[in-house]
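Commentary on secondary and tertiary structure
Chain by chain, the residues:
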There are 2 protein chains.
Amino acid sequence: MVQSYPDLDDGFAALSDRTRRGILERLGGRDASISDLAANFEMTLTGIKKHVAVLEETGLVTTEKVGRVRHCRLGPRRLDAETAWIARYEQTLEARLDRLGDFLERTKGTSS
Amino acid sequence: MVQSYPDLDDGFAALSDRTRRGILERLGGRDASISDLAANFEMTLTGIKKHVAVLEETGLVTTEKVGRVRHCRLGPRRLDAETAWIARYEQTLEARLDRLGDFLERTKGTSS
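Just so it is clear, the structure is predicted and the values come from calculations on it, not from any experiment. (Residues numbered from 1 in each chain as written. Chains lettered and ligands numbered in written order. Predicted model: local features only at pLDDT ≥ 70, side-chain atom pairs only at ≥ 80, totals over all residues. Heavy atoms only, no water.)

So, on to a negative patch on the surface. Residue and element names in this part refer to chain A. The grouping of Asp7, Asp10, Glu56 and Glu57 at the surface amounts to a negative patch. Elements supplying a minimum of two residues to the negative patch: α1 (6–15) and α4 (45–58). The residue Glu56 is located in helix α4 in this model. (Patch = residues over 30% accessible without salt bridge, like charges linked within 9 Å, V, L, I, M, F, W, Y side chains within 5 Å. Areas by Shrake-Rupley, 256 points an atom, 1.4 Å probe, with all protein chains shown as cover. Salt bridge = Lys/Arg side-chain N within 4 Å of Asp/Glu carboxyl O. Lys, Arg positive; Asp, Glu negative; His and termini not counted. Charge placed at Lys NZ, Arg CZ, Asp CG, Glu CD. Helix = DSSP H or I, 4+ residues; strand = E, 2+ residues; numbered from the N terminus.)

Given below as structure tokens:
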């Protein structure tokens, strides 16, 4: 029943912080350095580095140090597994609501 | 830039544990008691109660005590906000890849 997706645990945990979601949105526009991100989010370099490290561990962000500047960009991982899980869950819900609808329809037919 | 969705933080955090995702999938099939879930996931009642409490706080699961049995069912909240966030993020990525594709196409045209 419970499928083992360690990546999915990490992926959803990475998304559970508004600053980390903001960093992903920001990098979706264009690449940025740690300093750029710190300025964008009015956060200390240390604070931003911690969030970027979490995103890097999940593979959602890649960083590269060029001279004294650490550049951040999206990837290599995308949110395919997370999207698939939520879509499957929503389908299960829809199927259940459909069955409930059918049941109510049949009950109505019987009682009228 | 960073949008404040406290619910989204909680929603993604709730999904970041495989047992909690399993409970949601299980309840998508049909309602269950805490004991049913403990048996399904081979976990102590205390362990399951903690996970159900997290899901209940986010609104993804509702529980009701009837006599000595606590029944669990899905809702009232669904994963609409989470789905919307991921979809918007994926669109940003696609748009960026499209712009990159256009750029490469133009560059190719110039160099040939």
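Alright, that's what it looks like, and here's the rest.
In this structure, Leu24, Leu37 and Trp85 of chain A together with Leu24, Leu37 and Trp85 of chain B are the most contacted members of the largest nonpolar core, which totals 48 residues. Dropping the residues within four chain positions of it, Leu37 of chain A is found in contact with Ile23, Arg26, Leu27, Ala32, Ile48, Val52 and Cys72 of chain A. (Core = buried A, V, L, I, M, F, W, Y, C linked by side-chain atoms within 4.5 Å. Buried < 20%, exposed > 50% of the residue type's maximum accessible area, 1.4 Å probe, protein only. Contact = heavy atoms within 4.5 Å.)

On to the pattern of salt bridges, then. On inspection of all chains with the given rule, the structure shows 18 salt bridges over all chains. A network of salt bridges, in which partner residues are shared, links Asp9 of chain A together with Arg18 and Arg21 of chain B.

Our next topic: the interface of chain B and chain A. Counting from both sides, the interface comprises 43 residues of chain B and, opposite them, 43 residues of chain A. The largest contributions to the chain B side of the interface with chain A come from Arg18, Arg78 and Tyr89 of chain B, which together make up 17% of the buried area. Where chain B packs against chain A, one counts 12 salt bridges. Our count for the contact surface shared by chain B and chain A stands at 18 residue pairs in polar contact (both at pLDDT 80 or more). Elements that contribute at least two residues to the side of chain B that touches chain A include exactly α1 (6–15), α2 (18–29) and α5 (80–111) of chain B. When residues of the side of chain B that touches chain A are assigned to their parent elements, the largest contribution, 14 residues, is made by α5 of chain B. (Buried area = accessible area lost by both parts, 1.4 Å probe. Polar contact = N/O pair within 3.5 Å; in protein donor to acceptor, adjacent residues only side chain to side chain.)

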